[in-house]
Amino acid sequence: MSSPLRIGVIGLGQRGLQHLAALWQLQQEGAVEIVALGDAFPANLTPEKLNQYVPGLPAESIERTTNTQSLINADLLDALYIAIPPNVHKGEVVAAAQAGIHLFVEKPMSLFLDEALEMENAIRDAGIISTVGFQQRYDSQHEALHDFVADKQVVMACYTLHAPIEAHSVKHTFTETVGGPGNRVWTANRAWSGGTVVEAGIHPLDLWRYWFGDVEWVQAQYIQRPPAEIFDGADNPYAYSANFGFANGAVGVMTLSRLRRVFASHGDHQVLWNEGRVALEREALTAYHYDGDYPPAQRPEAEAVRHPLHGPNTNNTTYEIAAAFVRAVQENRQELVRSSFTDAMNSLAAVIAANVSDELGGARVEIAELMISEKYAPQRKKIVG
Ligand SMILES: NC(=O)c1ccc[n+]([C@@H]2O[C@H](COP(=O)([O-])OP(=O)(O)OC[C@H]3O[C@@H](n4cnc5c(N)ncnc54)[C@H](O)[C@@H]3O)[C@@H](O)[C@H]2O)c1
């Protein structure tokens, strides 16, 4: 076996701590050695806090610093996770790529396409292994659906999530000290999160890409939250409707909301091919399709068209994506991860395109144009807050 990969994590908040737990498991299996942890806030780097989330981690003996740049330049690392809020990047991805450090970057890689393109170029020029935090591609239900639709003509996917605004979790970034929301719920704030399609919708959108390919165009309209209804900086829209056009001809329909005083979530996820429908539910993946003689002599009973494909997810997806990334680095085989940084660019561009479309009154935004056309230069540009 090759020597353990020297690995670091920048951003030890909600997601970084989950990654740290997966990496600690991989360390105990001999695959990695966690050598450095970086975070802007010292309180997120104390051994007590780290051990609260990752029991047994020998935090005292790991390099811990608030100077993330020094950590990148110290020649300590083979690979690095970056799990910081998407609006606070300050060149960490580019610097790490230029230092030859393999990269795991959390989604959304940036809220700004110019910045993400710069990251992508640096990663490509450096020839390092990369992946983005689309761990849902490693969910066993999602793998089963991927295999099931591989030989089918998918025509539509429909995803609905109505999650109460109060369901947002309190994050670990001390946003109140850096001009963000006073209650640390930065996902509810547009400038920090990019809105719900970018922050959360990117996951189902990326699954659609995993199942049936790239997005070509986007049309979206949002229902904005008026100033009088904004509390604690939670200024994301009330509700979102976004249509994503895929290169294979399918359309993805996404409806999301974040409303107050609901305290009950509702979700629904369906994938339709030309002769059937697959329903994704927490407990089961089920296809609805008649596969007998056609046309049937009598209308088939409901049970005859119902085909259970898979039960609940059985994978620890955060561990699986970590193991795939580590193996890809060790074997220098980018194809071992399901989403490289370059692959993830289409997912990022699609959700940013939804915001652009809404801003333009629901105009159809072609992804190829959004990436390079002068017309969209203002929408690609980084806004420094
Ligand atoms: N893949 C997933 O399912 C998933 C789930 C949750 C979050 N995320 C993503 O992970 C990223 C982090 O989100 P989170 O939920 O962990 O947020 P968080 O606020 O809980 O944690 C972010 C961490 O980064 C640190 N940090 C903030 N600014 C920093 C800076 N400039 N330099 C260094 N460290 C800094 C904070 O102190 C905190 O410890 C986001 O991009 C988010 O969208 C992904």
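1. Notes on the domain arrangement of the protein
Right, so step 1: When cut into domains, the protein gives domain 1 (5-134 + 317-339) and domain 2 (137-315 + 347-380).
Right, so step 2: Taking only C-alpha atoms, the centre of domain 1 and the centre of domain 2 are 26 Å apart.
Right, so step 3: Contact residues are listed per partner, giving 33 residues for domain 1 and 32 residues for domain 2.
Right, so step 4: Carbon and sulfur atoms make up 65% of the area that domain 1 and domain 2 hide from each other, which totals about 2,700 Å².
Right, so step 5: Contact with domain 2 buries area across many residues of domain 1, yet Leu113, Phe134 and Arg338 alone supply 30% of it, more than any other trio.

2. What about the pairing of strand β4 (residues 79-82)?
Right, so step 1: Along β4, one buried face is formed by Ala79 and Tyr81 and the opposite face, lined by Leu80 and Ile82, is buried too.
Right, so step 2: As paired elements, strand β1 (residues 5-10) and β4 share 4 bridges and run parallel to each other. Counted as the bridge partner of valine 9 is tyrosine 81 from β4.
Right, so step 3: With 4 bridges joining them, β4 and strand β5 (residues 102-105) adopt parallel strand pairing. Bridging from a neighbouring strand, tyrosine 81 pairs with phenylalanine 104 of β5.
Right, so step 4: The handedness of the β4 to β5 crossover, carried by helix α4 (residues 92-98), is right-handed.

About the criteria used
Along each chain, the written sequence defines residue order, and numbers are assigned to residues from 1. Only residues with pLDDT of at least 70 are given local features in this predicted model, and only at 80 or more are side-chain atom pairs given and counted; all residues enter the totals for whole chains, interfaces and linings. The side-chain quantities take in all heavy atoms of the structure and omit both hydrogens and water. Start and end points for every domain follow an automatic or database-based domain assignment. A contact between two residues is defined here by any heavy atoms of the two lying within 4.5 Å. By definition, the buried area sums, over both parts, the 1.4 Å-probe accessible area that each loses when the two are put together. Only protein chains enter the calculation, and the probe is 1.4 Å; a residue is then buried if its accessible area is under 20% of its type maximum, exposed if over 50%, and partly exposed in between. In this text, helices come from DSSP runs of H or I with a minimum length of four residues, and strands from runs of E with a minimum of two, each type numbered from the N-terminal end. Should DSSP find at least two bridges between two strands, the strands are taken to pair. Orienting the strands away from the viewer, one traces the path from the first strand over the helix to the second; a clockwise path indicates a right-handed crossover.

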